Structures are given as C-alpha cells and as structure tokens.
Amino acid sequence: MNWNIEYFNENVENQILDLPDGLLARYFKLTDLMLVHGSNLGLPHIKPLSNGLFELRLKSKEGIGRVFYCTKIGKNIIMLHSYIKKSQKIPKNIMAVALSRLKEVKENDS
C-alpha cells in the first residue's frame, strides 16, 4: 500500500504551492519519494522535531524552505504548515502554528 499526502487545510496547500519554483520542485521530488517509501526519508531531507512533528527540508537557489508534517495511522501524511527560512532557529510563532495543528490532528484522530 502506498502512502497518501493530505493537507491540514486549503490554505496550507496554497501556501506550499506558492513557494518559489525551485523550492516547489524540490517539494514535489521529495513528496514523490514519500508516496512510495514513506514519511521518513532521513537526513538531510527529513528532520524529526518533537511529539510526532517532522520537518521536510527544502533547499534551492531561491533559498531554504520548510514544511512541517505529521503522520496518521493508515499511511497518511498530513502537511501542517510551511515557511521560508530566514534564520537559524525556527521562529516561535511558526512552531506554535505547527504544534497547534499537530495537536488538532491528533485530537481528531482518536
């Protein structure tokens, strides 16, 4: 059974589709691999963060992007949030959005 990719909401999907072309191409390449091989491609592509939250790491000539996601039972990958990286650390407000959405997915899954 192959994996399935879903989006937390339409805004998340649009936010990802609005990434610069190089980052979007990298996103499509990595998500194609995820559909076949699963959600954990390992570093440098994926970094586990905490409590089931993962970071899809995108890099191109336009810069660096990140897409936060989680997994659900049944081989489902849920894209939660994305942003263009501008500093070494994940901004607190960005992490708060990703964790809030992760919590909502977990609560709706039980």
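1. Focus: the pattern of salt bridges
Line of reasoning, step 1. Tallying each qualifying case throughout the model produces two salt bridges.
Line of reasoning, step 2. With its nearest N and O atoms 3.1 Å apart, the salt bridge here joins Arg-57 to Glu-55.
Line of reasoning, step 3. We classify Arg-57 as partly exposed; its relative accessible area is 24%.
Line of reasoning, step 4. Three or more residues are tied together by salt bridges with common partners; here these are Glu-55, Arg-57 and Arg-66.

2. A short note on the packing of aromatic side chains
Line of reasoning, step 1. On inspection of all chains with the given rule, the structure shows three aromatic pairs.
Line of reasoning, step 2. Between Phe-54 and Tyr-69, the ring centres sit 5.4 Å apart and the planes meet at 20 degrees, which makes this aromatic pair stacked. One end of the pair, Phe-54, is in strand E3 (residues 53-60); the other, Tyr-69, is in strand E4 (residues 63-72), and 15 residues separate them in sequence.
Line of reasoning, step 3. Judged by relative accessible area, Tyr-69 falls into the buried class, the value being 0%.

3. What to know about unusual backbone geometry
Line of reasoning, step 1. Look at the link from Leu-43 to Pro-44: it is a cis peptide, with omega at 10 degrees.
Line of reasoning, step 2. Relative to the helices and strands, Pro-44 is located in the loop between helix H2 (21-37) and strand E2 (46-50).
Line of reasoning, step 3. A positive phi angle, near 50 degrees, is found at Asn-51, a position not held by glycine.
Line of reasoning, step 4. Structurally, the position occupied by Asn-51 is in the loop between E2 and E3.

Parameters and conventions
Residues numbered from 1 in each chain as written. Predicted model: local features only at pLDDT ≥ 70, side-chain atom pairs only at ≥ 80, totals over all residues. Heavy atoms only, no water. Salt bridge = Lys/Arg side-chain N within 4 Å of Asp/Glu carboxyl O. Buried < 20%, exposed > 50% of the residue type's maximum accessible area, 1.4 Å probe, protein only. Phe/Tyr/Trp six-rings, centres within 6.5 Å; stacked < 30°, edge-to-face > 60°. Helix = DSSP H or I, 4+ residues; strand = E, 2+ residues; numbered from the N terminus.

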